[in-house]
Amino acid sequence: SFNFPHHVSFHMSWLGFFVSFVSTFAAAPMAAIIREDLELTKPDLGNAGLAAVTGTIIARVVMGSVCDLVGPRYGLSIVLLLSAPFCFCMSFVTTAAGFLMCRMGIGLGLATFVACQFWMSCMFN
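All of these numbers come straight from a predicted model, not from anything done at the bench. (Residues numbered from 1 in each chain as written. Predicted model: local features only at pLDDT ≥ 70, side-chain atom pairs only at ≥ 80, totals over all residues. Heavy atoms only, no water.)

(A) Structural context of the environment of M123. Within the element layout of this structure, M123 appears in helix 6 (residues 112-123). Residue classification places M123 among the buried positions, given a relative accessible area of 19%. Separated by 98 residues in sequence, M123 and F25 place their C-alpha atoms 28 Å apart. Apart from residues no more than four positions distant in its own chain, M123 is found in contact with P5, H6 and S9. (Helix = DSSP H or I, 4+ residues; strand = E, 2+ residues; numbered from the N terminus. Buried < 20%, exposed > 50% of the residue type's maximum accessible area, 1.4 Å probe, protein only. Contact = heavy atoms within 4.5 Å.)

This is the structure in structure tokens:
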């Protein structure tokens, strides 16, 4: 159903989170190819994964305050717009440091979970 405003908000919320989720976990299945192309070591891949998780934890803590200040719609939009350049730049990475930075930036996108939950709790309360 696409009734206004509740169901449209629901669909926009899960769609935003889904995009973020897919972009965050897109690198994992291609780890073998990425490792070979960028000549990464196992510690490099581990550090990139750790950076993604660390970015997610920090961003989720901050997202609660952002949702309180500007609301969940704008919070969700801000996070998606901040993580989009990292997704784009992942295709231009040639070093381990660049891979790590892109993974951390993309990991920030999982803070959309907080905004989605906040948004839905406001809409369906």
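Moving on from the model shown.
(B) A look at the packing of helix 1 (residues 6-25) against helix 6. Packing of helix 1 against helix 6 brings their axes to within 9 Å, and their N-to-C directions diverge by 170°. As judged from the angle between their axes, helix 1 and helix 6 are roughly antiparallel. Along its contact with helix 1, which presents H6, S9, F10, M12, S13, G16, F17 and S20, the element helix 6 presents T112, F113, C116, W119, M120 and M123. A breakdown of the residues in the contact of helix 1 with helix 6 according to their chemical character gives eight nonpolar, six polar and no charged. (Axes fitted to C-alpha atoms, helices over the stretch in contact; angles between N-to-C directions. Parallel < 35°, antiparallel > 145°, perpendicular 65-115°, else oblique. Nonpolar A, V, L, I, M, F, W, Y, C, P; charged D, E, K, R; others polar.)

(C) Layout of the packing of aromatic side chains. Scanning the entire structure with this criterion turns up four aromatic pairs. Between F21 and F25, the ring centres sit 4.7 Å apart and the planes meet at 55°, which makes this aromatic pair tilted. A residue pair is termed a helical-turn pair when its members lie 3 or 4 positions apart in one helix, as F21 and F25 do in helix 1 at four residues. Residue F21 is classed as partly exposed on the basis of its relative accessible area of 39%. Residue F25 is classed as partly exposed on the basis of its relative accessible area of 42%. Between F88 and F92 the ring centres are 5.3 Å apart and the planes differ by 70°, which places this aromatic pair in the edge-to-face class. (Phe/Tyr/Trp six-rings, centres within 6.5 Å; stacked < 30°, edge-to-face > 60°.)

(D) Spotlight on the side chain of T56. Tracing the backbone through its elements, the reader meets T56 in helix 3 (residues 42-70). Accessibility expressed as a relative area gives 10% for T56, which makes it buried. At 2.6 Å, the side chain of T56 and the backbone oxygen of G107 are in polar contact. Beyond its immediate stretch of four places on either side in the chain, T56 contacts G107, L108 and L110. (Polar contact = N/O pair within 3.5 Å; in protein donor to acceptor, adjacent residues only side chain to side chain.)

(E) How the structure looks around the nonpolar core. One finds A59, M63, C67, L76, V79, A111, A115, C116, W119, M120 and M123 forming the largest nonpolar core, which totals eleven residues. Every element with two or more residues in this core is listed here: helix 3, helix 4 (72-89) and helix 6. The element that contributes the greatest number of residues to this core is helix 6, accounting for five residues. Sequence-distant contacts of A111, that is, excluding residues within four places in its chain, are made with A59, R60, M63 and V79. (Core = buried A, V, L, I, M, F, W, Y, C linked by side-chain atoms within 4.5 Å.)

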